[in-house]
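# Structural features, examined
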Amino acid sequence: MSGSDMYRQQILDHYKNPRNYGEMQDPDFSHVGENPSCGDTIQVDVKLADDDETIEQVAFSGDGCAISQAAASLLTETLPGKSIDELQAMDTDDIVDMLGVDISPMRIKCAVLARQVAQDGSKLYRGELDEKDRTITEE
Amino acid sequence: MPTSDASGLDVEAIREDFPILERKIGGDVTVPGPDETDDQPLYYLDNAATSHTPRQVVEAMTDYYYEYNSNVHRGIHSLSQEASIAYEEAHDRAAEFVGADGREEVVFTKNTTEAFNLVAYTWGLTELEPGENVVTTQMEHHASLVTWQQLCEKQGAEIRYVEIDEDGRLDMDDLRSKVDDDTAMVSAVHVSNTLGTINPVSEITDIAHEHGALSFIDGAQAVPTRPVDVAEIDADFYAFSGHKMLGPTGIGVLYGKQHLLEELPPFLVGGAMIRRVEFEGTTWEDLPWKFEAGTPPIAEAVGLTAAIDYLEDVGMEAIERHESELARYAYDRLSEFDDIEIYGPHEERGGLVGFNLEGVHAHDLSSILDDHGVAVRAGDHCTQPLHDVLGVPASTRASFYLYNTREEIDELIDAVDTARQLFA
Ligand SMILES: Cc1ncc(COP(=O)(O)O)c(C=O)c1O
């Protein structure tokens, strides 16, 4: 797996022009994650439909490497329409598929940060997780 | 043989001693070692993290395993005597290399990190008192910074961090104002692994001593790259790691003044560090064995000796010149670009250059450099608080050693340019 292969057009495009960037007014839930050694930080804000289950709208903010930020941006486009259960079922492979490039082993933690933040946020919202201030995906 | 630079090192001949420099990279990294998908020559510029190992060192360790592998100190049989002599003499060799008085002042540890912990757990837990303080610097490696921070927390002592100036040099006035008569320890890095700054460690030690404090100098980046004389520095403690100086992993050195080490209680206890054990109590071995519990890193000690032999054959002055010249060249080439920010001083720096390319996170940059065969370190380099001071989450660091060339720095510059184009 080589560096430039990771930096295909889609990744660079989402990094340079992040979608749904910024903080949402009145989200149903919001959560923050950080990988301290990278300095990647991501906040994910989620608005749910009236059924309290379907994701209606997602925004993110934060900064960091292209992989972490592009993954967050892509996630904000992928999640609307999905249920919280579907969000919680997403695994690393789903994120790699979403990014459309192979991610080198050392960078997986960057790719999955936004997903983990969204998942932890939804669990906190449902009371399935307590007191997890920040989400971290690095070892 | 042509020499590649003014420092007088025969880099071409040196490179032949390092088989790893010949390998290609770029293929599958989930299985260690080369494979047929590797297609990029390697430009290894991550020596501050760990250096490569010359044949001579690997062969010395192989000879040990094939010819006199045995436990040390305790056997009467021939192999054990041979191994014991080699292991003990490794202390003498390390002592001589850094100007210590003898093996009594050289304790083998796992690495620099363990050397700091050893002093924190022995001296720190018995001597450091509430109301006293430890003075260290903003540019410390976590090995030192976290150790002192946690020790101070445990002991109810205060920790003070000496600030750096705009060039990344220690603010010596700040240091003078922070060291006072309640200071018990002053700890500073000799050569910064992030900024490349070379600190005035003799002067720092003098200031510590004027206030009755001890000094502990972190030599992890200094001993591999320049002549070091602990007696001249007058440091009370000094530490370094074998793996950064052509030696194996798993061995490091804590130098300590003999009278200080004698007074300290042991760190780890068990076999090999005892003189007499009874159910009611135990007496300790002489120095340095008192601090080396259990079966020690014997092959690694043999490897460290071979590494020191290798470095001395080449000459520490020549290595220092070679490194400084490469660092200056890298600094100057990187300075040609307005979108590159370089950290640390221009003059008087160790053989490494930390920088950032505007708009490109250090991890993205190093992934792209890796694609071009250029191995650098990206991240916080175990100096997170220093990165907070610099105001960046991470940086990219190219660090040089005796086998590196200007051509490799040119490769670095070209690869940085590729990243620039990709992210433009
Ligand atoms: C200045 C400095 N101190 C301490 C260390 C820690 O060395 P080790 O990981 O071998 O314990 C390093 C190496 O990373 C270093 O550069």
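Criteria and cut-off values
- Residues numbered from 1 in each chain as written.
- Chains lettered and ligands numbered in written order.
- Predicted model: local features only at pLDDT ≥ 70, side-chain atom pairs only at ≥ 80, totals over all residues.
- Heavy atoms only, no water.
- 1 Å grid on protein atoms, 1.4 Å probe; cavity = no way out; pocket = protein on both sides within 12 Å on 5 of 7 lines; lining within 4 Å.
- Points joined across faces, edges and corners; volume = space filled by probe spheres on them.
- Nonpolar A, V, L, I, M, F, W, Y, C, P; charged D, E, K, R; others polar.
- Disulfide = S-S within 2.5 Å.
- UniProt positions renumbered as here; feature names shortened; annotations may be inferred.
- Helix = DSSP H or I, 4+ residues; strand = E, 2+ residues; numbered from the N terminus.
- Domains from an automatic or database assignment.

## Points about empty space enclosed by the protein
Any empty space left between atoms is shown by rolling a water-sized probe over those atoms. Residues and elements named next belong to chain B. Under the definition given, this model contains one cavity of 30 Å³ or more. As a volume, the largest cavity reaches approximately 110 Å³. What lines the largest cavity is a set of 15 residues, among which Ala-48, Gln-221, Thr-225, Glu-323 and Phe-400 lie closest to the centre. Here the lining of the largest cavity is built from residues that sort into six nonpolar, six polar and three charged.

## Points about the state of the cysteines
Tallied over the full model, the rule gives zero disulfides over all chains. Cys-110 of chain A carries a free sulfur, and the closest cysteine sulfur to it, the one in Cys-65 of chain A, is 3.8 Å from it. Cys-152 of chain B forms no disulfide, and the closest cysteine sulfur to it belongs to Cys-382 of chain B, at a distance of 20 Å.

## Some thoughts on the UniProt feature "domain: Aminotransferase class V" (unreviewed entry) in chain B
According to UniProt, the feature "domain: Aminotransferase class V" (unreviewed entry) maps to residues 44–412 of chain B in the numbering used here. In residues 44–412 of chain B, the share of helix is 41% and the share of strand is 18%. The end C-alpha atoms are 10 Å apart.

## Describing the layout of surface pockets
By volume, the largest pocket amounts to about 1,100 Å³. Where the lining of the largest pocket is concerned, the elements lending two or more residues are α1 (3–6) of chain A together with α12 (362–371), β15 (374–375) and β16 (377–379) of chain B. No other element matches α12 of chain B, which puts four residues into the lining of the largest pocket. A per-class count over the lining of the largest pocket returns 16 nonpolar, twelve polar and nine charged. The computed volume of the second largest pocket comes to approximately 270 Å³. In terms of lining residues, the second largest pocket is bounded by 20 residues, among which Ala-48, His-141, Asn-193, Gln-221 and Lys-244 of chain B are the most central. Looking at the lining of the second largest pocket residue by residue, the class counts come to seven nonpolar, nine polar and four charged. A domain-level breakdown of the lining of the second largest pocket finds at least three residues from each of domain 1 (11–53 + 316–423) and domain 2 (57–312) of chain B.

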